[in-house]
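# Structure at a glance
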Amino acid sequence: MEYVSRVPRPPLDGLIDDLYYLEGSSPYARLTLPPMPAALLIVNLGAPMRIRAGTDIETAAYADGCVLTTPTRAVEFGYPRQTRSVGVHFKPWGLAPFLPMPAAELRDRPVTVEQVWGRPAIAELRDRLATAHGPHEMLTLLEEELMRRLRGTAGLGLVRHTSGVIAATNGAVAIGDLSVAAGVSGTHLAQRFKELVGVTPKRLARSYRFAATVLTIDPAGPIDWGGLAGAAGYFDQAHFGHEFRAFTGLTPTRYIEVRRRFLREHPGHVLDGWPLPAD
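Starting afresh in each chain, residues are numbered from 1 along the sequence in its written order. Given that this is a predicted model, residues contribute local features only at a pLDDT of at least 70 and side-chain atom pairs are listed and counted only at 80 or more, while totals for whole chains, interfaces and linings are drawn from all residues. Only heavy atoms go into the side-chain values, all of them from the structure, while hydrogens and water stay out.

What follows deals with the environment of Arg50. By the secondary structure assignment, Arg50 is in strand β5 (residues 49-52). Residues in contact with Arg50, not counting those within four places in the same chain, are Thr59, Ala60, Ala61, Glu76, Phe77 and Gly78. We count a stretch as a helix when DSSP gives it H or I for four or more residues in a row; a strand needs E for two or more, and each element gets its number in order from the N terminus. By definition in these notes, contact holds between two residues if any of their heavy atoms fall within 4.5 Å.

The term salt bridge refers to a pairing of a side-chain nitrogen on Lys or Arg with a carboxyl oxygen on Asp or Glu at a separation within 4 Å. Enumeration over the complete set of coordinates arrives at 15 salt bridges. Here Glu76 makes a salt bridge to Arg52, at a shortest N to O gap of 3.4 Å. One end of the pair, Glu76, is in strand β8 (residues 75-78); the other, Arg52, is in strand β5, with 24 residues separating them in the sequence. Since its relative accessible area comes to 13%, Glu76 is described here as buried. What emerges from the salt-bridge pattern is a single network uniting Glu124, Arg128, Glu145, Arg148 and Arg149. Only protein chains enter the accessibility calculation, which uses a 1.4 Å probe. A residue is then buried if its area is under 20% of the maximum for its type, exposed if over 50%, and partly exposed in between.

A word on the side chain of Thr70. Turning to its location among the elements, Thr70 is positioned in the loop between β7 (65-68) and β8. Setting aside anything within four residues of it in sequence, one finds Thr70 in contact with Met36, Pro37, Ala38, Ala39, Pro92, Arg107, Val197, Val199 and Leu204.

Like charges within 9 Å and nonpolar side chains (Val, Leu, Ile, Met, Phe, Trp, Tyr) within 5 Å are joined into patches, using only residues over 30% in relative accessible area that form no salt bridge. Here, Shrake-Rupley sampling with a 1.4 Å probe gives the accessible areas, and only protein chains in the shown set may cover a residue. A grouping of Met1, Tyr3 and Val270 is seen on the molecular surface, where their side chains present a nonpolar patch of about 220 Å² in accessible area. When you line up the elements, Tyr3 lands in strand β1 (residues 2-6). Note on Tyr3: relative accessible area 32%, which makes it partly exposed.

Moving on, we get to the sheet that holds strand β10 (residues 276-277). Between any two strands, at least two bridges found by DSSP are needed for them to pair. The strand order across the open sheet formed by five strands is β6-β5-β8-β3-β10, and the pairing between neighbours is antiparallel. The open sheet terminates on both sides in strands that have one partner only, identified here as β6 (60-62) and β10. Relative to β10, strand β3 (residues 30-33) runs antiparallel, the two being bridged by two bridges. If you follow Thr32 over to β10, its bridge partner there is Leu276.

In this structure, the amide linkage connecting Pro10 to the following residue, Pro11, adopts the cis form with an omega of 0°. Within the element layout of this structure, Pro11 appears in the loop between β1 and β2 (16-24). In this structure, Asp108 takes a positive phi of about 55° despite not being glycine. Locating Asp108 in the fold gives a position in the loop between β9 (83-90) and α1 (113-117). Positive phi is not limited to glycine here, since Asn170 has a value of about 55°. Within the secondary structure, Asn170 is located in the loop between α4 (156-168) and α5 (175-182).

What follows deals with the confidence of the model for the chain. How sure the predictor is of each residue is captured by pLDDT, a score from 0 to 100. Overall, the prediction assigns the chain a mean pLDDT of 93, with 99% of residues at 70 or greater. Taking the mean pLDDT of every element in the chain, the minimum, 87, falls on β10 and the maximum, 98, on helix α3 (residues 135-149).

Next comes the structure, spelled out in structure tokens:
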């Protein structure tokens, strides 16, 4: 499987972690993506993907790709035998300047790119991407499209700064202190976050803490769950286990079993590290 990634030029780099190109055969027919403090846009260039955001939602086909704001639960992706796409990993606040609606309307509800940018625009973009000469030209075309669509967004500076503080502390910050430091009420801050990120500052802090904790786990070695939970600031191991199930649908030990399966069956794969086999 081929994966090419790069950071975009300013000012997009303040909104986006990276642009990427993905092509090849998925290691599994279905992959579960645990929630990260990030938003996602995928422009699909192959057969339709099938996506399910939560066990209580029906799986749906996405032909042109999908848009997903900062999620609060795991999302399951069903890939065709051969997949080909370009995408954007946004910072939590980074998708807002490209949306025609509040981010909260899309929370845990993936939509097609057509629903966000319109059918003519995404059809033209997909045509240009499909005829581009290689991944790097494709990423340049995607970057140019994003530059054309970039618009000013009220409250983005406030949300970006506050999110940066949350990220820098891995979520270990008193949310009340953030609103005081910003000179706004907690209600105003929460409303801006829901509009531009899709979740409240408190929920985003939970996401950062969980992601930072999980990404420190080495599935190949022994794991001190109690020590891990304590170092991350969870009340106790039971609290950590509850958060784990809320975010992934799995217990910590089951998560490790699935991670180890990926490592065993596909060592060194470009997708190893976060997606999990769902089948």
